[in-house]
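Chain and residue survey
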Amino acid sequence: DVKVTQSSRYLVKRTGEKVFLECVQDMDHENMFWYRQDPGLGLRLIYFSYDVKMKEKGDIPEGYSVSREKKERFSLILESASTNQTSMYLCASSLIGIPSNQPQHFGDGTRLSIL
Amino acid sequence: AQSVAQPEDQVNVAEGNPLTVKCTYSVSGNPYLFWYVQYPNRGLQFLLKYITGDNLVKGSYGFEAEFNKSQTSFHLKKPSALVSDSALYFCAVSPGLTGNTPLVFGKGTRLSVIA
């Protein structure tokens, strides 16, 4: 089974801090994704990456950056955390698939609170 | 642009009754469609996908989904609901163009199965 591991289940940080969320997958997937999930808004894509050192902006990239130095690891960075970034963050990975018909596999999420 | 609509925020059904969770989509070209389930404090789990072929797709936990091209729908169904099916369900579509195109998710439907 594919395993996507997010480093923290719960995290509390203060406004202005630089926050790192880590995600590791063990199935050699090319694609990795970061979403945030908020009630009533569903999943919103922040960034995704289809290869090492490659990144693409999603729907809501403002205030975030990402890093993918190794194929199995995709990090989400909140440059200067703000209270409106309090949310559930979900990481996912998938095979690249041509065409794009591969399911995404998700981690269990990090519930981040910014005080 | 591709989009997914889940017209019901909440679906309530009695245990043992059939359930349907609705999904409609808009995408150019051939769609690749997915259903995911999310249990409390967990990430999304893949249930099933439609790529091509038979319009009735069978997936995990006794769920199935019916692809209807003329109505651009992909409704999730189960003949007999269980209390343990209570969860948040997401429909997703891939535009199917290239290997690194992210899925587009609906906002989710909360299913409540009442004993």
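The following paragraphs examine the structure supplied in this document. Because the structure is predicted, anything quoted here is derived from the model rather than measured.

Each value, and the rule that gives it
- Residues numbered from 1 in each chain as written.
- Chains lettered and ligands numbered in written order.
- Predicted model: local features only at pLDDT ≥ 70, side-chain atom pairs only at ≥ 80, totals over all residues.
- Heavy atoms only, no water.
- Helix = DSSP H or I, 4+ residues; strand = E, 2+ residues; numbered from the N terminus.
- Rg over C-alpha atoms; globule rule 2.2 N^0.38 Å.
- Areas by Shrake-Rupley, 256 points an atom, 1.4 Å probe, with all protein chains shown as cover.
- Polar contact = N/O pair within 3.5 Å; in protein donor to acceptor, adjacent residues only side chain to side chain.
- Disulfide = S-S within 2.5 Å.
- Buried < 20%, exposed > 50% of the residue type's maximum accessible area, 1.4 Å probe, protein only.
- Pairing = 2+ DSSP bridges.
- Axes fitted to C-alpha atoms, helices over the stretch in contact; angles between N-to-C directions.
- Contact = heavy atoms within 4.5 Å.
- Buried area = accessible area lost by both parts, 1.4 Å probe.
- Salt bridge = Lys/Arg side-chain N within 4 Å of Asp/Glu carboxyl O.
- Nonpolar A, V, L, I, M, F, W, Y, C, P; charged D, E, K, R; others polar.
- Phe/Tyr/Trp six-rings, centres within 6.5 Å; stacked < 30°, edge-to-face > 60°.
- Lys NZ or Arg CZ within 6 Å of the ring centre and 35° of its normal.

**Some thoughts on the overall build of chain B**
When you go through chain B residue by residue, the secondary structure sums to zero helices and 12 strands. Element order for chain B, N to C, with α for helix and β for strand: β-β-β-β-β-β-β-β-β-β-β-β. Computed over its C-alpha atoms, the radius of gyration of chain B comes to 14 Å, within 12% of the 13 Å expected for a compact globule of 115 residues. Counting only carbon and sulfur atoms, one obtains 49% of the accessible surface of chain B, whose full area is about 5300 Å².

**Overview of the side chain of H75 of chain B**
Examined against the element boundaries, H75 of chain B turns out to sit in strand 9 (residues 73-78). Polar contacts involving the side chain of H75 of chain B include one to the main-chain amide nitrogen of C23 of chain B, which spans 3.0 Å.

**Here's the deal with unusual backbone geometry**
Working note: non-glycine residues mostly have negative phi, and peptide bonds are mostly trans. Of note, D28 of chain A is a non-glycine position whose phi angle comes to about 60°, a positive value. By secondary structure assignment, the location of D28 of chain A is in the loop between strand 3 (19-25) and strand 4 (31-38). Phi at N41 of chain B takes a positive value of approximately 60°, unusual for a residue other than glycine. Mapped onto the secondary structure, N41 of chain B falls in the loop between strand 5 (32-38) and strand 6 (44-50).

**Examining the state of the cysteines**
As used in these notes, a disulfide is a covalent bond between sulfur atoms, one from each of two cysteines. All names here are of chain B. Inspection of the entire model under this criterion finds two disulfides over all chains. Each sulfur in the disulfide pair C23 and C91 lies 2.0 Å from the other. The chirality of the disulfide connecting C23 with C91 is left-handed, given an S-S dihedral of about -65°. Residue C23 is located in the loop between strand 3 (19-21) and strand 4 (24-26), and its partner C91 is located in strand 10 (residues 87-94); the two are separated by 68 residues in the primary sequence. With a relative accessible area of 0%, C23 lands in the buried category.

**Let's talk about the sheet that holds strand 3 of chain A**
By definition, the strands of a sheet pair up through backbone hydrogen bonds, in either a parallel or an antiparallel sense. Residue and element names in this part refer to chain A. Strand order in this open sheet of four strands is 1-3-8-7, and the pairing throughout is antiparallel. Looking at the sheet topology across the chains shown, the edges are occupied by strand 1 (4-6) and strand 7 (64-70). The sheet shows a mean angle of 20° between the axes of neighbouring strands, taken without regard to direction.

**Quick word on the environment of S84 of chain B**
Looking at where S84 of chain B falls in the secondary structure, it is placed in the loop between strand 9 and strand 10. When the C-alpha atoms of S84 of chain B and E15 of chain B are compared, they prove to be 9.5 Å apart, with 69 residues separating the residues in sequence.

**Considering the interface of chain A and chain B**
With 27 residues of chain A at the contact, the number on the chain B side is 24 residues. Of the roughly 2000 Å² buried where chain A meets chain B, counting both sides, 55% is carbon and sulfur surface. For the pair chain A and chain B, the interface holds one salt bridge. For R42 of chain B, the salt bridge goes to D108 of chain A, with nearest N and O atoms at 3.0 Å. When residues of the side of chain A that touches chain B are traced back to their parent elements, those giving at least two are strand 4 and strand 5 (42-49) of chain A. Split by residue class, the side of chain A that touches chain B holds 14 nonpolar, 10 polar and three charged.

**A few points about the packing of aromatic side chains**
This model, assessed by the stated rule, comprises 14 aromatic pairs over all chains. Consider the rings of Y35 of chain A and F106 of chain A, whose centres lie 5.8 Å apart with planes at 35°: the pair is tilted. Separated by 71 residues along the polypeptide, Y35 of chain A in strand 4 and F106 of chain A in strand 10 (residues 105-106) bring together distant segments of the chain. Neither Y35 of chain A nor F106 of chain A differs from the other in exposure class; each is buried. Aromatic side chains Y35 of chain A and F105 of chain B sit 5.6 Å apart centroid to centroid with 85° between the ring planes, which places their arrangement in the edge-to-face category. Of the two residues, Y35 of chain A sits in strand 4 while F105 of chain B sits in strand 11 (residues 104-105), which places them in two different chains. For the pair shown, Y35 of chain A and F105 of chain B are each scored as buried. Here the aromatic cluster, defined as three or more aromatic residues joined through ring pairs, consists of F33, Y35, F48 and F106 of chain A together with F34, Y36, F46 and F105 of chain B. Taking the ring centre of F63 of chain B as reference, the NZ or CZ of K78 of chain B above it sits at 5.0 Å.

Structural measurements only, silent on function.
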